[in-house]
Amino acid sequence: MALRSGPLVVMAAAALWGTAGTAGVVAGADPVPLAAARLVLGGAVLAAVAVLARPREAKSRVALVRSRNAAPQVAARGLGWGLVLAAGAVAGYQLCFFAAVQRTGVAIGTVVAIGSGPVFTGLLSWLIGREPPSRRWAFATAAAVAGCAVLVGGGAAGGVTGGADPWGIALALLGGLLYAFYAVVAARAIGRGIESSVVMGVMFGGAAVIMLPVLLVTGAGWLAHPRGLLATLYLGCATTALAYLLYGRGLRTTPVATAATLALAEPAVAALLGLVVLGEHLSPLSWGGLALLGLSLAAVAVPGRTVAGPVDRAPAHLGSVP
């Protein structure tokens, strides 16, 4: 049952991420300080959850390490450094994404950043796990990325602002790579016995510390307004803290490359919310992209050997996370 529920939990997290855009519109704040406030609040909540989960995590990790006849100190040290780097990647992703959108436009920046994430995740999993992704995963992921591209850009023919700026695209690709890095690091840490809530708490708590100066520099006066405050509370607690707790739980039984592809449900949810809540419209081409994306995610979510085995069966000879 747990193996089958993993993809559903990941898609639930993606559904929460998909509500962030609508909540951001309600907040009425600039994107960069809003993203910083979301990460600071969400990271603080996840760090608090991690502190509460620490005693249980310590017992489970010691038991797992003993069962594998490994050295606890070496394993903990390697995982700790990996999570520290992953915290920097979480903050870096936010900065790269918004810088890319500013240079090359919302549609292109979003498609490149979100679409490249699963590809980079599959490649990193291949390099670390020594097992290539299956053909089904590769084809379904390619179709999902194509569906995402059509969904995001299909209704903006001739109206995309920004253009294909090379530096903007490079920043979006770097954002996709940073996302893949912290996702793979998290999956490896969870696979080696650390509680998923602790992993997310360390990563996002560290990212919150990094993003706090960004929030202070860009200004937080808009938080004094009830609309901005309520929207930020929702973004931090629901679309960040709760969503990544669900994502981490899904990573316990779902291969990280598969989880990254399933996370492409985010733009689909965002598009549907735009229709229902914001009164937006989708072109026929965008509806086709939405259908292609949905079918591709269903193909990935079906139980089967989509990529290298679940993260909790990571080969012992690989040592610490990258």
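Up top is the structure.
Please read all numbers here as calculations on a predicted model, not as lab measurements.

1. Let's talk about the overall build of the chain
At step 1: Looking only at helices and strands, the chain features twelve helices and zero strands.
At step 2: In the chain, the order of α-helices and β-strands from amino to carboxyl end is α-α-α-α-α-α-α-α-α-α-α-α.
At step 3: Put simply, the chain has 322 residues, and 50% of those count as buried.
At step 4: Across the chain, the fraction of contacts at a sequence separation of at least 24, relative to all contacts at a separation of at least 6, is 90%.
At step 5: Accessible surface computed for the chain: about 14500 Å², of which carbon and sulfur atoms make up 71%.

2. Thoughts on the nonpolar core
At step 1: Counting residues in hydrophobic clusters, the biggest one holds 77 residues, and the most contacted among them are Y182, M200, M203, Y247 and L251.
At step 2: Here this core gets twelve residues from one element, more than from any other, and that element is helix 7 (residues 166-191).

3. Concerning the environment of M11
At step 1: Take M11: it is sitting in helix 1 (residues 2-18).
At step 2: In the structure, M11 is positioned 286 residues away from L297 in sequence and 9.2 Å away in space, judged by C-alpha atoms.
At step 3: Apart from residues lying up to four places away in sequence, M11 is in contact with L262, A265 and L297.

4. What about the pattern of salt bridges?
A side chain with one charge may pair with a side chain of the opposite charge, provided their charged atoms come close.
At step 1: Summed over the entire model, instances satisfying the criterion amount to one salt bridge.
At step 2: A salt bridge links R252 to E195; the shortest N-O distance between them is 3.4 Å. Of this pair, R252 sits in the loop between helix 9 (226-251) and helix 10 (256-262) while E195 sits in the loop between helix 7 and helix 8 (196-218); the two residues are 57 residues apart in sequence, bridging distant segments of the chain.
At step 3: The class for R252 is partly exposed, based on a relative accessible area of 28%.
At step 4: The exposure class of E195 is buried, given its relative accessible area of 16%.

5. Structural notes on the packing of helix 7 against helix 9
At step 1: Where helix 7 meets helix 9, the closest approach of the two axes is 9 Å, and the angle between their N-to-C directions is 60°. Comparing their axes, helix 9 and helix 7 come out oblique. Between helix 7 and helix 9 lies a crossing of right-handed hand. Every residue of helix 9 that contacts helix 7 at Y179, Y182, A183, A186, A187 and I190 is listed here: Y244, Y247, G248 and L251.

6. Brief notes about the side chain of T232
At step 1: Mapped onto the elements, T232 comes out in helix 9.
At step 2: When neighbours within four sequence positions are excluded, T232 is seen to be in contact with L34, A37, R38, L41, W222 and L223.

7. Section: the packing of aromatic side chains
At step 1: For the coordinates displayed, the defined rule picks out nine aromatic pairs.
At step 2: Judged by centre distance (6.3 Å) and plane angle (85°), the rings of Y182 and F204 are edge-to-face. In this pair, Y182 is assigned in helix 7 and F204 in helix 8, connecting sequence segments 22 residues apart. Here Y182 matches F204 in class, with each residue buried.

8. Concerning a nonpolar patch on the surface
At step 1: A cluster of nonpolar side chains, contributed by V25, V276, V277 and L278, occupies part of the molecular surface with about 370 Å² of accessible area.
At step 2: Along the chain, L278 turns up in the loop between helix 11 (265-276) and helix 12 (284-301).

9. What about the side chain of T22?
At step 1: As for its placement among the helices and strands, T22 is situated in helix 2 (residues 20-27).
At step 2: Setting aside residues up to four positions removed in sequence, T22 forms contacts with L273, V277 and L278.

10. Notes on helix 8
At step 1: Look at helix 8: 32 Å from first C-alpha to last across 23 residues, which is about the 33 Å you get at 1.5 Å a residue.
At step 2: Of all bends in helix 8, the biggest is about 35°, found at M211, and the proline P213 comes one to four residues later.
At step 3: Just downstream of helix 8 lies G219, where phi reads positive at about 100°.

Reading the values: the criteria
Residues numbered from 1 in each chain as written. Predicted model: local features only at pLDDT ≥ 70, side-chain atom pairs only at ≥ 80, totals over all residues. Heavy atoms only, no water. Helix = DSSP H or I, 4+ residues; strand = E, 2+ residues; numbered from the N terminus. Buried < 20%, exposed > 50% of the residue type's maximum accessible area, 1.4 Å probe, protein only. Contact = heavy atoms within 4.5 Å. Areas by Shrake-Rupley, 256 points an atom, 1.4 Å probe, with all protein chains shown as cover. Core = buried A, V, L, I, M, F, W, Y, C linked by side-chain atoms within 4.5 Å. Salt bridge = Lys/Arg side-chain N within 4 Å of Asp/Glu carboxyl O. Axes fitted to C-alpha atoms, helices over the stretch in contact; angles between N-to-C directions. Parallel < 35°, antiparallel > 145°, perpendicular 65-115°, else oblique. Left-handed = near helix turned anticlockwise from the far one by under 90°. Phe/Tyr/Trp six-rings, centres within 6.5 Å; stacked < 30°, edge-to-face > 60°. Patch = residues over 30% accessible without salt bridge, like charges linked within 9 Å, V, L, I, M, F, W, Y side chains within 5 Å. Expected span 1.5 Å × (residues − 1). Bend = angle between axes of the 7 residues up to and from the residue.

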